Amino acid sequence: MALRKGWMQFTPSMRTTSPLSPMASSRFSVVHSVTPLPTTLVSFRAYATSEPQAAEGGNTPAPSLDEMKSELQATEQRARALREAIATYRDTGKKNVLVLGAGRSSGVCIEYLLNQAKTNGWHIKVGDDNEDWARDKVRDDPSGSTFRFDANSAEQRDAEVQKADLVVSLLPAHMHYLVAKDCVRHGVNMITASYASPAMRELSQQAEANNVLLMMECGVDPGLDHMGVWRVLTRLRAEGSDLNTFQSFTGGLVAPESDDNPWNYKFTWNPRNVVLAGQGVSKFLHNGKYKYIPYHQVFKRYEDIHVEGHGQFEGYANRDSLHYRDLYQLHSCPTVFRGTLRRPGFCAAWDVFVRLGMTDDTYVMENCETMTHRDFINSFLMWRAHDSVELKVAYTMGLSVDSDVMKRLKWLGIFEDRIIGIKKATPAQILQHILEKKWSLSPGDKDMIVMWNQFVFDTVKGRRREIVASLVAKGDGTDKGTAMAKTVGLPLAIVAKLILQGKAVIINAKRPTASVKAKPKIV
C-alpha cells in the first residue's frame, strides 16, 4: 500500500519473512529615533554629470563633487539608522520568531513560517552572517525582516534572543549550544534540526528548571525517522508483539533523472560531512551480540537493500546504533542497526580513499598548492619507479586496472595532472576540493531523500512478521526546493507552529519520539 502526497512518498508494507541474512509572548518595546530622509532629491542625471543642469525658474549649476560626497555620506548615515531601526524593531502585538541561519536548507522552513505568520500574528526575523541570503529568503514579505547576525558575538546573541518568543536555529551544529545557553538564561524556547549533542543534553536540567523547551532533532534524519519509527513501535507494543530486529537507513542522493555519473552520487548536503563519514568505530547489536566495525572496514561491510519502486542500494553502518536502544526503548531487541544509503558500487570505490588515508583530517600536507590530483593520490602509494599511478592503485587495492572501481576513480579526475591550488590543507580537505568539481549539483538537478526502516517481530501468536516502511522525497530542481530543504525545513517549521500555538508538550533537550506531559511554555 502506497500513500502519495505531493513530493513525498511513504510506503509501508507487511509480509511474512524468511530468516534474516547475517548483517554484519512580548517583554518590552524599543523606541527608535530616526533622522528623516530628505523631502527633495536631486536628479540622478545631475549627480552623474559635471555639466551645469538647468533648474526650473533659472540656471542653477550642478552640485560640486564635495557637495555630492557630503550628501552621499548623510544619506548613507540615514540609511544605516533605518536599517538598524528595522533590524531591532519589535511589534509588541505579535509573537516574534527569531530564525538564525539562512543557508541552503532554510528556504522551505522560512517560507512556511512567513505564510503562517499572516494568519497567526507573528513576525519572522531572519539573521545570517550573509544578510543577502536572509533577504533572498524573506524577499519583501511584510511579515518578515532580516539582519546581519554574528553567532560568535555574545552581545548580539543576548540582545536578539531576549526579544524573541521562539528561536529556530539553522546554524552549523556546533553553534547551537551558544544560542541555547542564551535561550535558557532568558526563558526563550528553541528548536533545531540537529542532533542533541552531549553539551545540549547537559543543558537539559537547567532548561527544565527555567521551564524552557529545547527541541532537537526535528529534521529528516534525525527527525522524521524518529516519528515514523515511534509510530510503528507504539503499535507493535500495543499489540503485544516481540521485536526481533530493527534496521533504519537514510541517504541523501541524486534523483535518477539527474544521475549522470558512474558513482550515482552528487553532493546534496555538506560535502565535508560526506568526506568524513564513518570515521571512528561503528557499534551495533546483531543477534544479541555487540559488534564493532573499525573505520578502515566500514565500507567493506555493507548491507544490500531493496527499496520498492526505487531499486537497489548499499547501506553502510553509522557510528553508534547502540544509542538508539535507549531512545527507542529497544533493550530487549537482539538486532539494532542504523546506517546510510548509497547506490551500488559506491562503497567499494570510496573504500579506496579510506584505506589509502585520503580522508584523514588530522594533519596538513606540504606544498599542496602546487600539487596535482595525480601527485595527491600518488603521495599515498609505494614508490615503484617503473609503475604508473593507476597500476600502483590497482595493485595496492587488489583491483584490476579496468575494474568498475578504477573507472569511477578515473572519472573523478583523480589521475589528472591538474593543479589542486589550495594551501595548507588536510588530505580530507583536498579530496573534498577535488570531489566538488565533479559531484556538485548542476542547475536543474534534482536531489532525493530515501529512508528505509525494517521491523521484524513475533506476534502474540508466535508468528514471525516483518514491516518495511520507506519514504522517498525528490527536489524540484531549484536551490530552494531541494528534497533536503523540504524534509529538514518543513518538520522544523511545523514544530515551531505547534509551539507558538501552545500545542507542544515536550520539555528539555528532547527529540520528537514521545509525548511528555508538561505545561506548554507558550500559551
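Residues numbered from 1 in each chain as written. Predicted model: local features only at pLDDT ≥ 70, side-chain atom pairs only at ≥ 80, totals over all residues. Heavy atoms only, no water.

Visitor: Describe the overall build of the protein, with residues and values.
Guide: Along the backbone of the protein there are 18 helices and 19 strands. When burial is assessed residue by residue, the protein has 50% of its 523 residues classed as buried. For the protein, the accessible surface area stands at approximately 25,700 Å², while carbon and sulfur atoms represent 51% of it. (Helix = DSSP H or I, 4+ residues; strand = E, 2+ residues; numbered from the N terminus. Buried < 20%, exposed > 50% of the residue type's maximum accessible area, 1.4 Å probe, protein only. Areas by Shrake-Rupley, 256 points an atom, 1.4 Å probe, with all protein chains shown as cover.)

Visitor: Requested: an account of helix 9 (residues 224-239), with residues and values cited.
Guide: For helix 9, built from 16 residues, the straight-helix expectation of 22 Å at 1.5 Å per residue is met to within 8% by its first-to-last C-alpha distance of 23 Å. For helix 9, the set of buried residues is L224, D225, H226, V229, W230, V232, L233 and L236. Looking one or two places after helix 9, you find G240, whose phi comes out positive at around 80°. (Expected span 1.5 Å × (residues − 1).)

Visitor: Got a sec to walk through the environment of G240? Specific residues and values, please.
Guide: Take G240: it is sitting in the loop between helix 9 and strand 11 (242-254). Between the C-alpha atoms of G240 and T459, which are 219 residues apart in sequence, the distance is 7.0 Å.

Visitor: Which residues make up the pattern of salt bridges, and what are the values?
Guide: Summed over the entire model, instances satisfying the criterion amount to 25 salt bridges. The closest approach of N and O atoms between D260 and K266, which form a salt bridge, is 3.1 Å. Residue class for D260 comes out exposed when judged on its relative accessible area of 56%. Among the salt bridges present, the one from R464 reaches D458, with a minimum N-O distance of 2.5 Å. Linked through salt bridges whose partners overlap, the residues forming this network are R157, D158, D182 and R185. (Salt bridge = Lys/Arg side-chain N within 4 Å of Asp/Glu carboxyl O.)

Visitor: Any chance you could break down the packing of aromatic side chains for me, citing the residues and the numbers?
Guide: Per the stated rule, a full pass over the model turns up 20 aromatic pairs. Geometrically, the ring pair formed by F246 and Y328 is edge-to-face, given 5.6 Å between the ring centres and 90° between the ring planes. One end of the pair, F246, is in strand 11; the other, Y328, is in the loop between helix 12 (323-327) and strand 16 (335-342), with 82 residues separating them in the sequence. Owing to a relative accessible area of 0%, F246 belongs among the buried residues under this scheme. In this structure Y328 comes out as buried when scored by relative accessible area, which is 0%. These aromatic residues form a ring-pair network of at least three members: W263, Y265, F267, F346, W350, F353 and W439. Geometry around W230 places R237 over its ring, the cationic atom sitting 5.6 Å from the centre. A cation over an aromatic ring shows up here: R384 above the ring of Y395, its NZ or CZ 5.5 Å from the ring centre. (Phe/Tyr/Trp six-rings, centres within 6.5 Å; stacked < 30°, edge-to-face > 60°. Lys NZ or Arg CZ within 6 Å of the ring centre and 35° of its normal.)

Visitor: Which residues make up the packing of helix 13 (residues 346-356) against helix 17 (residues 427-439), and what are the values?
Guide: The axes of two packed helices give the description: the angle between them and the distance between them. Two elements in contact, helix 13 and helix 17, have axes whose closest approach is 13 Å; the angle formed by their N-to-C orientations is 145°. Both helix 13 and helix 17 take part in a crossing whose hand is right-handed. Where helix 13 approaches helix 17, its residues F346, W350 and F353 are matched on the opposing element by L431, L435 and W439. In the contact of helix 13 with helix 17, the residues fall into six nonpolar, no polar and no charged. (Axes fitted to C-alpha atoms, helices over the stretch in contact; angles between N-to-C directions. Left-handed = near helix turned anticlockwise from the far one by under 90°. Contact = heavy atoms within 4.5 Å. Nonpolar A, V, L, I, M, F, W, Y, C, P; charged D, E, K, R; others polar.)

Visitor: Quick one: what's the story with the nonpolar core, residue by residue and with numbers?
Guide: Counting residues in hydrophobic clusters, the biggest one holds 60 residues, and the most contacted among them are W263, W350, F376, V393 and L409. At eight residues, helix 13 tops the list of elements feeding residues into this core. The contacts of L409, once residues within four sequence positions are left out, are W263, A349, V352, F353, V393, I414 and F415. Core analysis: the second largest hydrophobic core is formed by 37 residues, A102, V126, C218 and L471 among them. (Core = buried A, V, L, I, M, F, W, Y, C linked by side-chain atoms within 4.5 Å.)

Visitor: Describe a nonpolar patch on the surface, and please don't skip the residues or the numbers.
Guide: On the surface, V281, Y290 and Y292 cluster together into a nonpolar patch covering about 320 Å² of accessible area. Take Y292: it is sitting in strand 13 (residues 289-294). (Patch = residues over 30% accessible without salt bridge, like charges linked within 9 Å, V, L, I, M, F, W, Y side chains within 5 Å.)

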